[in-house]
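An overview of the molecular structure
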Amino acid sequence: LRPGAELLLVMVGRPNEFVNPSDGGPGPLSRAMKRCVERGELREDVLHQTVIPYFLRTTSDVKAALEMAKTLEINDSLTMGGTKTPG
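It should be emphasised that the depicted structure is a prediction, and the values quoted were computed from it without experimental measurement.

So, about the overall build of the protein. Looking only at helices and strands, the protein features three helices and four strands. Mapped from its N terminus to its C terminus, the protein presents α and β elements in the order β-α-α-β-α-β-β. The burial tally for the protein puts 13% of its 87 residues in the buried class. For the protein, the proportion of contacts with a sequence separation of at least 24, taken over those separated by at least 6, is 31%. Surface summary for the protein: the accessible area is close to 7000 Å², and the carbon and sulfur share equals 55%.

Below, the structure is given as structure tokens:
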């Protein structure tokens, strides 16, 4: 995180409407953020750059998610000057 940034951490069980909406569309947070962009209350780049980690409820699920997260590339030319893999 950057100074002044905020972190939202979601811990949920499966199945649920937050991660997998029944209509197959984006989750409720993405829908709400898109409405904010449409109203001019949120920059579109914030919508596209927002990452919310979802950690499932068992210890092995959390460990698997953390291992997978090590493989994600982060492209942040403003602070790191390029692409970085956190793991």
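So, about the environment of Lys 34. Tracing the backbone through its elements, the reader meets Lys 34 in helix 1 (residues 28-38). Measuring from C-alpha to C-alpha, the distance between Lys 34 and His 48 comes to 9.9 Å, with 14 residues separating the pair along the chain. In this structure Lys 34 touches Pro 26 and Leu 47, once residues within four positions along its chain are discounted.

This part is about the confidence of the model for the protein. Any residue range with low pLDDT should be treated as having predicted coordinates unsuitable for detailed reading. Chain-level pLDDT for the protein is 74 on average; 60% of the residues reach the 70-or-more range. Looking across the protein, the model is least confident in strand 4 (residues 82-84), with a mean pLDDT of 55, and most confident in helix 2 (residues 44-49), with 90.

The next subject is the environment of Glu 17. Along the chain, Glu 17 falls in the loop between strand 1 (10-12) and helix 1. Taking the relative accessible area as the measure of exposure, Glu 17 reaches 47% and is therefore partly exposed. Linking Glu 17 and Pro 28, residues 11 residues apart in sequence, is a C-alpha distance of 8.3 Å. The residues contacting Glu 17, other than those within four sequence positions of it, are Ser 22 and Pro 28.

Looking now at the pattern of salt bridges. A complete count under the given rule lists four salt bridges for this structure. A salt bridge links Asp 23 to Arg 31, with the nearest nitrogen and oxygen atoms 2.7 Å apart.

How each quantity is defined
- Residues numbered from 1 in each chain as written.
- Predicted model: local features only at pLDDT ≥ 70, side-chain atom pairs only at ≥ 80, totals over all residues.
- Heavy atoms only, no water.
- Helix = DSSP H or I, 4+ residues; strand = E, 2+ residues; numbered from the N terminus.
- Buried < 20%, exposed > 50% of the residue type's maximum accessible area, 1.4 Å probe, protein only.
- Contact = heavy atoms within 4.5 Å.
- Areas by Shrake-Rupley, 256 points an atom, 1.4 Å probe, with all protein chains shown as cover.
- pLDDT = per-residue confidence, 0-100.
- Salt bridge = Lys/Arg side-chain N within 4 Å of Asp/Glu carboxyl O.

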